[in-house]
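# Report on the structure
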Amino acid sequence: MRVKCVLCDEIGQLIDDAPLAKKLRNHPINTYMCEKCSERITEQTNVRLSTGKFIFHRSSHSAEENF
């Protein structure tokens with residue numbers, strides 16, 4: 001399955017039977033982000049969290065348990 005990153009527009013390939021490919025196929029509202037962009041966003045978020053000025057709002061109890 002061909003996918004396109006929403007941030008950098010890089011086109012990548014996913015195995016058709018991969019869980020992410022099935023998720024994207026069955027729920028088109030979900031978007032794909034390449035590994036490079038995902039790591040960059042994670043690093044920036046962790047830097048903001050470490051400053052103490054950034055508050056990470058979580059939406060519900062069940063979502064909080066997964067973190």
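The present account deals with the structure reproduced in this document. (Residues numbered from 1 in each chain as written. Predicted model: local features only at pLDDT ≥ 70, side-chain atom pairs only at ≥ 80, totals over all residues. Heavy atoms only, no water.)

All right, on to the overall build of the protein chain then. Counting its regular elements, the protein chain contains 3 helices and 2 strands. Going residue by residue from the N terminus, the α and β elements of the protein chain occur as β-β-α-α-α. Taken over 67 residues, the protein chain has a buried fraction of 15%. Once local pairs closer than 6 in sequence are excluded, the contacts in the protein chain between residues at least 24 apart make up 31%. As presented, the protein chain carries roughly 5,800 Å² of accessible surface, and 53% of it is formed by carbon and sulfur atoms. (Helix = DSSP H or I, 4+ residues; strand = E, 2+ residues; numbered from the N terminus. Buried < 20%, exposed > 50% of the residue type's maximum accessible area, 1.4 Å probe, protein only. Contact = heavy atoms within 4.5 Å. Areas by Shrake-Rupley, 256 points an atom, 1.4 Å probe, with all protein chains shown as cover.)

Right, let's get into the pattern of salt bridges. This structure, assessed with the given rule, holds 1 salt bridge. Here K36 ties to E10 by a salt bridge, and the two come within 3.9 Å at their closest N and O atoms. Within this pair, whereas K36 is found in helix α2 (residues 35-51), its partner E10 is found in the loop between β1 (2-4) and β2 (11-13), the two being separated by 26 residues in sequence. K36 sits in the exposed class, given a relative accessible area of 57%. (Salt bridge = Lys/Arg side-chain N within 4 Å of Asp/Glu carboxyl O.)

What follows covers a nonpolar patch on the surface. Side chains of V6, L7, M33 and I41 sit close together on the surface and give an oily, nonpolar patch of about 310 Å² of accessible area. A relative accessible area of 32% means that I41 is categorised as partly exposed. (Patch = residues over 30% accessible without salt bridge, like charges linked within 9 Å, V, L, I, M, F, W, Y side chains within 5 Å.)

All right, on to the state of the cysteines then. Considering all chains together, one arrives at 0 disulfides under this definition. The closest cysteine sulfur to the non-disulfide-bonded C5 is located on C8, 3.7 Å from its own sulfur. Look at C5 and you get buried, because its relative accessible area is 1%. (Disulfide = S-S within 2.5 Å.)

Here the phi dihedral of D9 falls at roughly 60°; this positive angle occurs in a residue that is not glycine. Topologically, D9 is positioned in the loop between β1 and β2. Overall, D9 belongs to the partly exposed group, its relative accessible area being 48%.

Our next topic: α2. Look at α2: 25 Å from first C-alpha to last across 17 residues, which is about the 24 Å you get at 1.5 Å a residue. Looking one or two residues beyond α2, the residue adopting positive phi is G52, at roughly 85°. (Expected span 1.5 Å × (residues − 1).)

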